[in-house]
Amino acid sequence: MKQHNFSAGPSILPQSVFRQAADAVIDFDGMGLSILEISHRSPQFTAVLEEAVALVRELLGLDENYEVLFLSGGASTQFFMTAMNLLRPGEKAYYLDTGTWSNKAIKEARRFGEITVLASSKEAGYTYIPKGVEVPADGRYLHLTSNNTVYGTQYHAWPESPIPMVIDMSSDIFSRERDLSNVGILYAGAQKNMGPAGTTLVVIRRDMLRQDNDLPTMLDYHTHIAKNSSFNTPPVFPIFVSMLNMRWLRDQGGVAAMGRRNAAKAELLYACIDRNPLYVGVVQPEDRSVMNAVFKLSDESLTDAFLARCKDAGIAGLKGHRSVGGFRASMYNALDIDSVRVLVDVMDTFAKEHGYGSDAVSGVQEIYH
């Protein structure tokens, strides 16, 4: 039975990428060696790394004012690495608190400077994105998390900011076109839309770099820029698979095409949630995430039966985050709309069987090819 992977991460990747990666584990580039054992300084891997950087630039529309790095440690390392590279004692930075990961970033940044939380949706269970936030001009940067996997909210427009933004884009990188003109640093763990867990994309606008750093060598961005992400042995296999996946993204039409596909998937699922009284969307509609749809059952006694029905249909990874409960359908780039259709069919049928059905038509316009 086909499995429909709605896991929040590590997430689904294209089958063609899996096949190419599997072949390279046996014999990479006709070398008679596995990608897992070649030197990270070999011409073959240098070419992989250079192509990966070039693909990031192409997909995000970056000019030469940006440095592109592939590092280790996940986004959690960037919570403090961004702050320690950008802030000095007494300097200010502003943060927006919209969920688990932004809250953790705030905690880490407070070790390095004066951190002010301008707005938070914590009191409402992180069910919305704060609007109309006035950002002071005296800060080094404004930090936000673009998409909140745990709670299912997403920024659909950046806040107006007179200072550069630092953005954690771990769960919606490459998912749609975004204006990056005021983004000083963006970072993203690979394991959502870019590749397997094990590497982290960091994009740095050069004017954000400081020349007065006195940091541990491995925590200084200058170190990794000077050595092209290879000061130490980089995560060779995750970078290689990320490169393959970015090739696939480019060949599918790039970020613009991904945006159209992802919008169609989200519209299909949210229409199902809204027309069936059994399903309750927990996020304010204008802030719903295109990547992670979070919902609950109005009759929670049906939870186990619903999960069992999903399992029978080959639907995996639907259980919500342990801190929130309910259900979470993650619809990253590689998830086909047919998988969303399977989930919607199960949801509609299950609701009707339990007296919650609706004959309403979703009105979703097919824009996915």
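Residues numbered from 1 in each chain as written. Predicted model: local features only at pLDDT ≥ 70, side-chain atom pairs only at ≥ 80, totals over all residues. Heavy atoms only, no water.

1. A look at the overall build of the chain
Stated precisely, the cut-off is as follows: Secondary structure elements follow DSSP: runs of H or I of four or more residues count as helices, runs of E of two or more count as strands, with numbering from the N terminus. We compute the radius of gyration from the C-alpha atoms alone; for a globule the expected value is 2.2 Å times N to the 0.38, where N is the number of residues. Remark: exposure states derive from per-residue accessible area (1.4 Å probe, protein chains only) relative to the maximum for the residue type, with buried under 20%, exposed over 50%, and partly exposed in between. The contact definition used throughout considers only heavy atoms, calling two residues in contact when any of these lie within 4.5 Å. Residues scored as positive are Lys and Arg, those scored as negative are Asp and Glu, and His as well as the terminal groups of each chain are ignored. Charged side chains are reduced to one point each, which is NZ for Lys, CZ for Arg, CG for Asp and CD for Glu.
Helix and strand content of the chain: 9 helices and 14 strands. Here the chain has a C-alpha radius of gyration of 21 Å; the compact-globule value for 369 residues is 21 Å, and the two agree. When the backbone C-alpha atoms are referred to their principal axes, the chain occupies close to 65 × 55 × 30 Å. Taking all 369 residues of the chain together, the buried fraction comes to 56%. Here the analysis covers contacts within the chain between residues at least 6 apart in sequence; of these, 67% occur between residues at least 24 apart. Here the chain contributes 35 positively and 42 negatively charged side chains, and the mean placements of these two sets differ by 3 Å.

2. Considering the side chain of R275
Convention followed: Definition of a polar contact: a pair of N or O atoms within 3.5 Å, with one able to donate and the other able to accept a hydrogen when the atoms are protein atoms, and with sequence-neighbouring residues admitted only if both atoms are side-chain atoms.
Among the secondary structure elements, R275 is positioned in helix α7 (residues 254–275). Within the local environment of R275, its side chain forms a polar contact with the side chain of D348, the two groups lying 2.7 Å apart.

3. Thoughts on the pattern of salt bridges
The line we're drawing: A pairing counts as a salt bridge when a side-chain nitrogen of Lys or Arg comes within 4 Å of a carboxyl oxygen of Asp or Glu.
The tally for this structure, following the rule as stated, stands at 14 salt bridges. Salt-bridge contacts for R206 lead to E67; the nearest nitrogen and oxygen are separated by 2.7 Å. Taken together, the residues span a long stretch of sequence, with R206 in the loop between β10 (200–205) and α5 (221–226) and E67 in strand β2 (residues 66–71) at a distance of 139 residues. On the basis of relative accessible area, E67 is assigned to the buried category, the value being 16%. A salt bridge links K131 to D287; the nearest nitrogen and oxygen atoms lie 2.7 Å apart. One end of the pair, K131, is in the loop between β4 (114–120) and β5 (142–145); the other, D287, is in the loop between β11 (279–281) and β12 (292–297), and 156 residues separate them in sequence. Where salt bridges share partners, they join R88, E91, R210 and D212 into one cluster.

4. Overview of the layout of surface pockets
Definition in use: Buriedness of a pocket was judged along seven lines, with at least five required to meet protein on both sides within 12 Å; pockets are open sets of points on a 1 Å grid over the protein atoms alone, cavities are sets where a 1.4 Å probe fits but cannot get out, and lining residues have an atom within 4 Å of a point. Grid points are joined across faces, edges and corners, and a volume is the space filled by probe spheres set on the points.
The volume enclosed by the largest pocket comes to roughly 340 Å³. Lining the largest pocket are 17 residues; nearest its centre among them are L49, E50, K227, N228 and S229. Of all the elements in the fold, those that place two or more residues in the lining of the largest pocket are α2 (43–60), β2 and α5. In terms of residue count, the dominant contributor to the lining of the largest pocket is α2 (6 residues).

5. Section: the nonpolar core
Here is a general trend for soluble globular proteins: nonpolar side chains tend to be buried in one another's company. Which entries qualify depends on this criterion: Joining through side-chain atoms within 4.5 Å is the link that ties buried Ala, Val, Leu, Ile, Met, Phe, Trp, Tyr and Cys residues into a set, and such a set is a nonpolar core.
One finds F70 and F174 to be the most contacted residues of the largest nonpolar core, which totals 91 residues. Apart from the residues within four sequence positions on either side, F70 is in contact with L49, A52, V53, V56, M194, T199, T200, L201, S229, I239 and M246. Residues Y95, I115, Y187 and V202 belong to the second largest nonpolar core, which totals 24 residues.

6. Details of the sheet that holds β11
As a reminder, the rule being used: Strands are treated as partners if at least two bridges between them are detected by DSSP. Every axis in this analysis is a line fitted to C-alpha atoms, fitted for helices over the stretch in contact. Angles between the N-to-C directions lie between 0 and 180 degrees.
Spatial strand order, β11-β12-β14: 3 strands in an open sheet with antiparallel pairing. Only two strands of the sheet have a single partner each, and these edge strands are β11 and β14 (327–330). Taken over all neighbouring pairs, the strand axes of this sheet differ in orientation by 35° on average, direction set aside. Pairing between β12 and β14: 4 bridges, direction antiparallel. Among the inter-strand pairings, F295 is bridged to a residue of β14, identified as F327.

7. Focus on the packing of helix α8 (residues 303–312) against helix α9 (residues 337–353)
To keep things clear, this is the line we draw: Should an angle fall under 35 degrees it is taken as roughly parallel, and over 145 as roughly antiparallel, whereas 65 to 115 is taken as roughly perpendicular and any remaining angle as oblique. By definition, turning the near helix anticlockwise from the far helix through less than a right angle yields a left-handed crossing, and turning it clockwise yields a right-handed one.
As a packed pair, α8 and α9 sit with axes 10 Å apart at the nearest point and diverge in direction by 140°. One finds that α8 runs oblique with respect to α9. Crossing of α8 against α9: the hand is right-handed. Touching A305, F306, R309 and C310 of α8 are L343, V346, M347, T349, F350 and E353, all from α9.

8. Side note on α2
Here is the rule: Expected helix span is taken as 1.5 Å per residue step, with the number of steps being one fewer than the number of residues.
Taking 1.5 Å per residue as the helical rise, α2 with its 18 residues ought to reach 26 Å, and the 26 Å between its terminal C-alpha atoms agrees with that figure. Taken together, the buried positions of α2 are occupied by F45, V48, L49, A52, V53, L55, V56, R57, L59 and L60. Against the buried residues of α2 lie β2, β9 (183–189), β10, α6 (236–251) and α7. In the stretch just after α2, G61 is the one whose phi turns positive, near 70°.

9. A look at the packing of α7 against α9
The description of two helices packed together rests on the angle between their axes and the distance between the axes. Where α7 contacts α9, the two axes come as close as 9 Å, and the packing angle between them is 5°. The pairing of α7 with α9 is recorded here as roughly parallel in orientation. Judged by residue contacts, A264, K265, L268, L269, C272, I273 and R275 of α7 engage I337, V340, R341, L343, V344, M347 and D348 from α9.

10. Description of unusual backbone geometry
With an omega dihedral of -5°, the bond running from G9 to P10 counts as a cis peptide bond. Mapped onto the elements, P10 comes out in the loop between β1 (4–5) and α1 (15–26). Of note, the phi angle at N228 is positive, near 55°, even though the residue is not glycine. With respect to the secondary-structure elements, N228 resides in the loop between α5 and α6. One non-glycine residue with positive phi stands out, namely S229, at about 65°. As for its position among the elements, S229 is in the loop between α5 and α6.

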